[in-house]
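Structure at a glance
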2 protein chains.
Amino acid sequence: MKISLVAVEPNEQQPCVDCSVRQFSLCAALDRAELRELEHLGRHVHFATCETVFAQEEMTTSFYNLLEGVMRLYKLLPDGRRQIVGFALPGDFLGMTASARHSFSADAIGPVTICRFSRAAFARFIEDKAHLLRRINELAVRELSQAQDHMVLLGRRSAEEKVATFLIGWRDRLGRLSGPAKTVPLPMSRQDIADYLGLTIETVSRTFTKLERDRVIDILPGSISLLDPARVEALAAA
Amino acid sequence: MKISLVAVEPNEQQPCVDCSVRQFSLCAALDRAELRELEHLGRHVHFATCETVFAQEEMTTSFYNLLEGVMRLYKLLPDGRRQIVGFALPGDFLGMTASARHSFSADAIGPVTICRFSRAAFARFIEDKAHLLRRINELAVRELSQAQDHMVLLGRRSAEEKVATFLIGWRDRLGRLSGPAKTVPLPMSRQDIADYLGLTIETVSRTFTKLERDRVIDILPGSISLLDPARVEALAAA
DNA sequence: AATGGCGGTTGATTCAGATCAAAGGCGGCC
DNA sequence: GGCCGCCTTTGATCTGAATCAACCGCCATT
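Notes on the structure in this doc start here. These numbers come from a predicted model, not from an experiment. (Residues numbered from 1 in each chain as written. Chains lettered and ligands numbered in written order. Predicted model: local features only at pLDDT ≥ 70, side-chain atom pairs only at ≥ 80, totals over all residues. Heavy atoms only, no water.)

**Re the protein's contact with DNA strand D**
Lining the immediate environment of DNA strand D, one finds 15 residues, of which Ala159, Thr203 and Arg206 of chain A together with Ser205 and Thr209 of chain B sit closest. Sugar plus phosphate, as a fraction of atoms of DNA strand D within 4 Å of the protein: 62%. A distance of 3.0 Å is found between a base nitrogen of DNA strand D and a side-chain nitrogen or oxygen belonging to Glu202 of chain A. In this structure, a phosphate oxygen belonging to DNA strand D sits 2.8 Å away from a side-chain N or O atom of Ser205 of chain B. Those elements that provide at least two residues to the surface near DNA strand D are α6 (201-213) of chain A together with α6 (201-213) of chain B. (Near = heavy atom within 4 Å. Polar contact = N/O pair within 3.5 Å; in protein donor to acceptor, adjacent residues only side chain to side chain. Helix = DSSP H or I, 4+ residues; strand = E, 2+ residues; numbered from the N terminus.)

**Side note on the sheet that holds strand β8 (residues 217-220) of chain A**
Residue and element names in this part refer to chain A. Strand order in the open sheet formed by 3 strands is β7-β9-β8, and the pairing between neighbours is antiparallel. Each of the sheet's edge strands pairs with one partner strand only, and the pair in question is β7 (183-185) and β8. Direction aside, neighbouring strands of the sheet carry axes that sit 20° apart on average. As judged from the 3 bridges shared by β7 and strand β9 (residues 223-226), these two strands associate in the antiparallel manner. Note that in β9 the partner of Pro185 across the bridge is Ser223. Helix α4 (residues 159-178) rests against β7, β8 and β9 of the sheet, and its axis sits at about 85° to β7. In the packing of α6 onto the sheet, the strands contacted are β8 and β9, and the crossing angle to β8 comes to about 125°. (Pairing = 2+ DSSP bridges. Axes fitted to C-alpha atoms, helices over the stretch in contact; angles between N-to-C directions. Contact = heavy atoms within 4.5 Å.)

**Let's talk about the relation of the copies chain B and chain A**
Mapping chain B onto chain A calls for a screw motion: a turn of 180° about the axis and a shift of 0.0 Å along it, with 0.0 Å RMSD after fitting. Between the two chains, the operation in question is that of a two-fold axis. Comparing interface residues between copies, 100% of those in chain B also sit at the interface in chain A, which points to an isologous, same-surface contact. (Least-squares fit on C-alpha atoms with pLDDT ≥ 70 in both.)

**What to know about the protein's contact with DNA strand C**
As a structural note, the neighbourhood of DNA strand C is formed by 15 residues, with Arg190, Arg206 and Thr209 of chain A together with Thr203 and Arg206 of chain B the closest of them. Ala159 of chain B places a main-chain nitrogen or oxygen 2.8 Å from a phosphate oxygen of DNA strand C. Taking Thr200 of chain B, its side chain carries an N or O atom lying 3.0 Å from a phosphate oxygen of DNA strand C. Of all the elements in the fold, those that place two or more residues in the surface near DNA strand C are α6 of chain A together with α6 of chain B. No other element matches the 4 residues that α6 of chain A contributes to the surface near DNA strand C. Looking at side-chain class alone, the surface near DNA strand C contains 3 nonpolar, 7 polar and 5 charged residues. (Nonpolar A, V, L, I, M, F, W, Y, C, P; charged D, E, K, R; others polar.)

In structure tokens, the structure reads:
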């Protein structure tokens, strides 16, 4: 069982019981019989780098369980300004909406594999399963809490604090999936990071450079190494 | 049946069926028998202006249904910077948390009345009620969506757009409770608005003044009148 | 090995909003 | 009525991050 940040190649669709992200996902709440039932509803789908899985304003036809890879979730203003509201990792569940349309867009950062459920079938499946509904609640409330943390970041923190908070948060999320590590892979572009933190690409780049000059991080191609994790954590906490 | 932004005076605890905010609240999902059951679990409580109903990091002991008045929900950074993550209005349900502790503080803007439920009792009450769990989901997902909208505002909008978006959003929320109106009551202080929008009090004040100079709004004590709603909406949409 | 393109970095300058400072306005209270 | 304190507005100045503008490094293509 390994969690992959990149979908390697179209693999056979294995049974839900063997699903590598099961215990991190919604499906952790299901028993064996339910998993077998669910198996008929989900279809594995692959998306290539930068492909869009669903777009803002599109009708919601499916729910999605991310299996491999990383996705960016973002909202666009009419004039093109973009705010990334989150990055999705394996185990994340997408497609819950208040209305019948998606309120944000989601596309692949690198190749991804997704487990897709028809909206209607899935809705029927969960309808009377209180334990599953409670699990969905738990996920929704956790996401809401993260969203509120992010509001604090966007509204009240300096560029340096934003970048540090992002590094620590991303490291911790990856750590929960694959265990702790001092080097943090950053599959997303600088522009993505900027749009997530409410900054410009130049400011993100300058801030990374400053942290590197201060011997706090090391900038590597596609990743950042935390030379002084305590300093980064301090910046993130402050 | 009237919805009040201010709790007038300690009133008798009327039965849930007569609750003025029922159809806006969680309880809209309950039938008569369930309402009668719930009646024994909820207690009406009053709070005076600026009193804290619960604080960040405090253990969660209760759930709360706001009946009358307005509350501010906010997070504090260690150095005192504050981000208001939302304002609560009658019908709003508070106290759902991912952990056992509150992730934000909530206090009264003006006098409020709250229907308080013991956490354990309420958890037992909803445990197997799928329709109620679905309703809670609906509320959580709606809040998440609002939070994402607010991230866009905080990360990507100018001061003028922020203020306009706030005015329109607040007007619409009040409108849903008490019908449309051209004059928007603002029970919260300028500082609250600033901390909600990720601005300073001076910038909020200046932006209001500018909109008034442009004949777009009229600044009244405790409220704002929208002279040119279309202009405000345009600023908010842009 | 040259060419072109793209993502990232760096530098110079500008500007929106923050900060610092002072003065109004208004209600509560003696 | 007059004084106090708080909230809000207004003005002057400053500054962190945005904007504008090169430029670098690296890979892919020819």
